[in-house]
Amino acid sequence: MNILAIESSCDETAVAVVRDGRTVLSDCISSQVDIHKIYGGVVPEIASRKHIEAIYPLADQALAQAGLSRAKLDAVAVTYAPGLIGAVLVGVNFAKAAAFALGKPLIPVHHIRGHIAANYITHPELEPPFLCLVVSGGHTMLVDVADYTKMTILGGTRDDAAGECFDKIARVLGMPYPGGAALDRMSRGADGSRYRLPQAKVDGNPLDLSFSGLKTAAINLIHNARQKGEEIDLPAICAAVSEAVSSALVSRTELALIQTGRRTLAVAGGVAANSRIRAEMTALAKRLGVRLCLPELRYCGDNAAMIGAQGYYEYLAGNTADMTLNAYATKSLVGETL
Ligand code: KG4
Ligand code: ZN
């Protein structure tokens, strides 16, 4: 089954063609990062307009790269939530028009379910059940993936996502948006022990996390040093932040693995590209004797191939939509099923 997949929830317009949920025939991305960089973050209205400009030619490009004619498409999958509402609506309306014109089913895909499915592309033998740590710019959560379309959120951040924490600290350090990857590169090989950063404890659910205190503490530390005219050891502060984020994620993931008894751990989302988190999750999996799946770097961040992968399983579960499908934005998903 060939699925044309569309993703436009943030600042990447992406179109892919995926066969049977596992084989990527084409995967095209048009990034807007250079435009939003000027403003230090995503400007929603600009993002929506750029999606409109990019999506049609990108879909043609994805079909050409896949070597398929439109007639060979069997369905259209699209991210319908969560995301910037204007941005998601561009993809949703393009997908609706495409599905209607082709006379093929329209499959709505939750963006986070898509991130999780990126692992099916990199690890063709991976099947549920497994535990998944989702770490992106907007989300940080532990998800029990009981089946391809049956998922429960076990815990997550009460405030900032891990990616938000990396990006805001990187911005104060003078790194261009989105600073997560630059902060990661800067931290490599450095000793983070020079700076002490707090580890947040949250009452209630032991699988919940909080990153806003860490973000504020790091930003205050940098501002205080600047006010005193002290030089910041850039690699050391980046290493300290990476260590703090990573160890918070490792402790909750370990507990979730023990609580659920799952024998496979997957990691997903843009922050899954972080070198320290990848290394520490590898060590955790080894220590607990569980199998670890990490997506290939290109499938960590937003892409449409992951939407095509999950779209296949949504289709098999009968989760198609009619032409009334609209985008919606969700605030917090914690405590709900995904
Ligand atoms: O999944 P994603 O592309 O978009 C969302 O759904 O949010 O994640 C983007 C986030 C950004 O915060 C970006 O800085 C972060 O992923 N990121 C990283 C790294 N690469 C991307 N954070 C830490 N280390 C990295 N290597
Ligand atoms: Zn994402």
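### Considerations on the overall build of the protein chain
When helices and strands are tallied, the protein chain shows 10 helices and 10 strands. Over its C-alpha atoms the protein chain spans a radius of gyration of 20 Å, differing by no more than 12% from the 20 Å that the globule rule assigns to 338 residues. The dimensions of the protein chain, computed from C-alpha atoms along their principal axes, are 65 × 45 × 30 Å. Taking all 338 residues of the protein chain together, the buried fraction comes to 54%. Across the protein chain, the fraction of contacts at a sequence separation of at least 24, relative to all contacts at a separation of at least 6, is 75%. With the model as given, the accessible surface of the protein chain reaches about 14000 Å², and the carbon-plus-sulfur share is 52%. Separation of charge centres in the protein chain, based on 32 positive and 33 negative side chains, amounts to 1 Å.

### Describing the nonpolar core
Judged by nonpolar contacts, the single largest core of 48 residues is most densely connected at Ile169, Phe211, Val241, Val245, Leu249 and Met281. If you list the elements that add at least two residues to this core, you get β6 (130-135), α5 (162-172), α6 (180-187), α7 (212-227), α8 (234-260), β9 (264-268) and α9 (275-288). Core analysis: the second largest hydrophobic core is formed by 37 residues, Ile3, Ile116, Val134 and Tyr312 among them.

### Overview of the coordination of the zinc ion (ligand 2)
Listed as protein donors to the zinc ion (ligand 2) are His111 (NE2), His115 (NE2) and Asp302 (OD); their distances from the metal cover 2.0 to 2.1 Å. In this structure, the zinc ion (ligand 2) is coordinated by 4 donor atoms arranged in tetrahedral fashion, with angles at the metal of 95 to 131 degrees. Along the chain, the residues that donate to the zinc ion (ligand 2) are spaced as H-x3-H-x186-D. Note that His111 and His115 are positioned in helix α4 (residues 111-122) at a spacing of 4 residues, about one turn of the helix.

### Focus on the site of ligand 1
What surrounds ligand 1 is a group of 19 residues, the closest being Gly137, Asp167, Asp184, Gly270 and Asp302. At 3.0 Å, a side-chain N or O of Asn274 approaches a nitrogen atom of ligand 1. Considering ligand 1 on its own, with 550 Å² of exposed area, one finds that the protein chains cover 85% of that surface. Of all the secondary-structure elements, those providing two or more residues to the shell around ligand 1 are α4, α5 and α6. Considered class by class, the residues forming the shell around ligand 1 number 5 nonpolar, 11 polar and 3 charged. Each of domain 1 (2-116 + 301-316) and domain 2 (126-298) contributes no fewer than three residues to the shell around ligand 1.

### Considering the domain arrangement of the protein chain
As far as domains go, the protein chain holds domain 1 (2-116 + 301-316) and domain 2 (126-298). Relative placement of domain 1 and domain 2: their C-alpha centres are 27 Å apart. Each side of the interface is counted separately: domain 1 has 19 residues, and domain 2 has 21 residues. Roughly 1600 Å² of surface becomes buried between domain 1 and domain 2 when both sides are summed, with 63% attributable to carbon and sulfur atoms. Looking only at domain 1, the three residues that lose the most surface to domain 2 are Ile112, His115 and Ile116, adding up to 33% of its buried area. At the boundary of domain 1 with domain 2, the tally comes to 1 salt bridge.

### Quick word on unusual backbone geometry
Trans peptide bonds make up most of the peptide bonds, and negative phi angles are found at most residues other than glycine. Of note, the bond from Ala81 into Pro82 is cis; its omega dihedral lies within 30 degrees of zero at -15 degrees. In this chain, Pro128 is followed by Pro129 through a cis amide linkage whose omega measures 10 degrees. Within the secondary structure layout, Pro129 lies in the loop between α4 and β6.

### Let's talk about the packing of aromatic side chains
Within the structure shown, the criterion is met by 7 aromatic pairs. An angle of 80 degrees between the planes, with centres 6.1 Å apart, marks the rings of Tyr120 and Phe130 as edge-to-face. Of this pair, Tyr120 sits in helix α4 while Phe130 sits in strand β6, and the two are 10 residues apart along the sequence. Tyr120 gets classed as buried once you look at its relative accessible area, which sits at 0%. When its relative accessible area of 0% is taken as the criterion, Phe130 is described as buried. Among the aromatic residues, ring-to-ring pairing joins Tyr120, Phe130, Tyr148, Tyr312 and Tyr313 into one connected group.

### Side note on the pairing of β6
Counted residue by residue, β6 has 6 buried out of 6 residues, so it is predominantly covered. For β6 and strand β7 (residues 140-147), the ladder comprises 6 bridges, and the chain directions are antiparallel. Along β7, the bridge assignment pairs Cys132 with Val143. Between the end of β6 and the start of β7, which pair antiparallel, lie 4 residues. Pairing of β6 with β9, which is carried by 4 bridges, proceeds in the parallel orientation. Within β9, the position partnered with Val134 by the bridge is Ala268.

Definitions and limits used
Residues numbered from 1 in each chain as written. Chains lettered and ligands numbered in written order. Predicted model: local features only at pLDDT ≥ 70, side-chain atom pairs only at ≥ 80, totals over all residues. Heavy atoms only, no water. Helix = DSSP H or I, 4+ residues; strand = E, 2+ residues; numbered from the N terminus. Rg over C-alpha atoms; globule rule 2.2 N^0.38 Å. Buried < 20%, exposed > 50% of the residue type's maximum accessible area, 1.4 Å probe, protein only. Contact = heavy atoms within 4.5 Å. Areas by Shrake-Rupley, 256 points an atom, 1.4 Å probe, with all protein chains shown as cover. Lys, Arg positive; Asp, Glu negative; His and termini not counted. Charge placed at Lys NZ, Arg CZ, Asp CG, Glu CD. Core = buried A, V, L, I, M, F, W, Y, C linked by side-chain atoms within 4.5 Å. Donors = N, O, S within 2.8 Å, 3.2 Å for Na, K, Ca; no water. Tetrahedral: all angles 85-135°; square planar, octahedral: opposite > 155°, others 65-115°. Near = heavy atom within 4 Å. Polar contact = N/O pair within 3.5 Å; in protein donor to acceptor, adjacent residues only side chain to side chain. Nonpolar A, V, L, I, M, F, W, Y, C, P; charged D, E, K, R; others polar. Domains from an automatic or database assignment. Buried area = accessible area lost by both parts, 1.4 Å probe. Salt bridge = Lys/Arg side-chain N within 4 Å of Asp/Glu carboxyl O. Phe/Tyr/Trp six-rings, centres within 6.5 Å; stacked < 30°, edge-to-face > 60°. Pairing = 2+ DSSP bridges.

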